[in-house]
Amino acid sequence: MSTATVIEAPQAEAPPGTPVAVYACLASSVFRYSALHGVEAFVRRHGWASVGTFIDIAEFASSADKRPERARALALAARGKAKGVVAPSYSMLWHSPEEHAEIADWQESTGAWVSSPWNTTEVAARIGRLASVRAAL
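Residues numbered from 1 in each chain as written. Predicted model: local features only at pLDDT ≥ 70, side-chain atom pairs only at ≥ 80, totals over all residues. Heavy atoms only, no water.

A.B. asks: Please provide a residue-by-residue account of the sheet that holds strand E2 (residues 49-57), values included.
C.D. replies: Strand-to-strand pairing in sheets goes through backbone hydrogen bonds, with the strands running parallel or antiparallel. Ordered in space as E2-E1-E3-E4, the 4 strands form an open sheet in which the pairing is parallel. Looking at which strands have only one partner, the edges of the open sheet turn out to be E2 and strand E4 (113-115). Strand-to-strand twist in this sheet, taken as the mean axis angle between neighbours without regard to direction, amounts to 25°. Across 8 bridges, the pairing between strand E1 (residues 19-26) and E2 is parallel. Across the sheet, Leu26 pairs through a bridge with Ile57, a residue of E2. Most of the contacts of helix H1 (residues 32-46) go to E1, to which it runs at about 160°, and overall it touches E1, E2, strand E3 (84-86) and E4. (Pairing = 2+ DSSP bridges. Helix = DSSP H or I, 4+ residues; strand = E, 2+ residues; numbered from the N terminus. Axes fitted to C-alpha atoms, helices over the stretch in contact; angles between N-to-C directions. Contact = heavy atoms within 4.5 Å.)

A.B. asks: Break down the pairing of E1 for me, with residues and values.
C.D. replies: Of all 8 residues in E1, 7 are buried; the element is thus mostly enclosed. For the handedness criterion, the β-α-β arrangement of E1, H1 and E2 is classed as right-handed. Across 3 bridges, E1 lies against E3 in parallel orientation. Bridge pairing links Ala21 to Val85 in E3. (Buried < 20%, exposed > 50% of the residue type's maximum accessible area, 1.4 Å probe, protein only. Right-handed = clockwise from strand over helix to strand, strands pointing away.)

A.B. asks: An account of the nonpolar core is requested, with residue identities and associated values reported.
C.D. replies: Residues Tyr23, Trp48, Val86 and Trp106 are the most contacted members of the largest nonpolar core, which totals 34 residues. Contributions of two or more residues to this core are made by E1, H1, helix H2 (68-78), E3, helix H3 (97-110) and E4. Ranked by residue count, the leading element in this core is E1, at 7 residues. (Core = buried A, V, L, I, M, F, W, Y, C linked by side-chain atoms within 4.5 Å.)

A.B. asks: So what about H2? Which residues, and what values?
C.D. replies: Residues Glu69, Arg70, Ala73, Leu74, Leu76 and Ala77 constitute the buried set of H2. Taken down its axis, H2 places every buried residue within 140° of arc, on the same side. Check the buried side of H2 and you find it contacts E1, E2, E3 and H3. Of the residues trailing H2, Gly80 is marked for its positive phi of about 80°. (Arc of directions from axis to C-beta.)

Encoded structure:
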């Protein structure tokens, strides 16, 4: 299980035109517009290219196995089709420590990043240095 820091979209590595997947986990489809409107505007503002929108209708903090669209969004990066995943909130991508570790491992293996218009995280060391960050922990 990873203890690495999750990498937020590094500006130098996410120039305009960068392909991204958009992901949201919503309690109801009624919230689709309100949840994604800001995310889509955020993607446009950065000039990124959305290559897919994935939405799970599930309870907040439900386990990843109850959110199959999350897996599809992450798989785009694993297949090289997206450089990052943008979500309304990071908690939609990971809620538990295990999911946080899964995302950090996913980033290490894919070189992908995450971003959100409503969250900020400290930008960690580049993907290539994650192994040394882990070793130091």
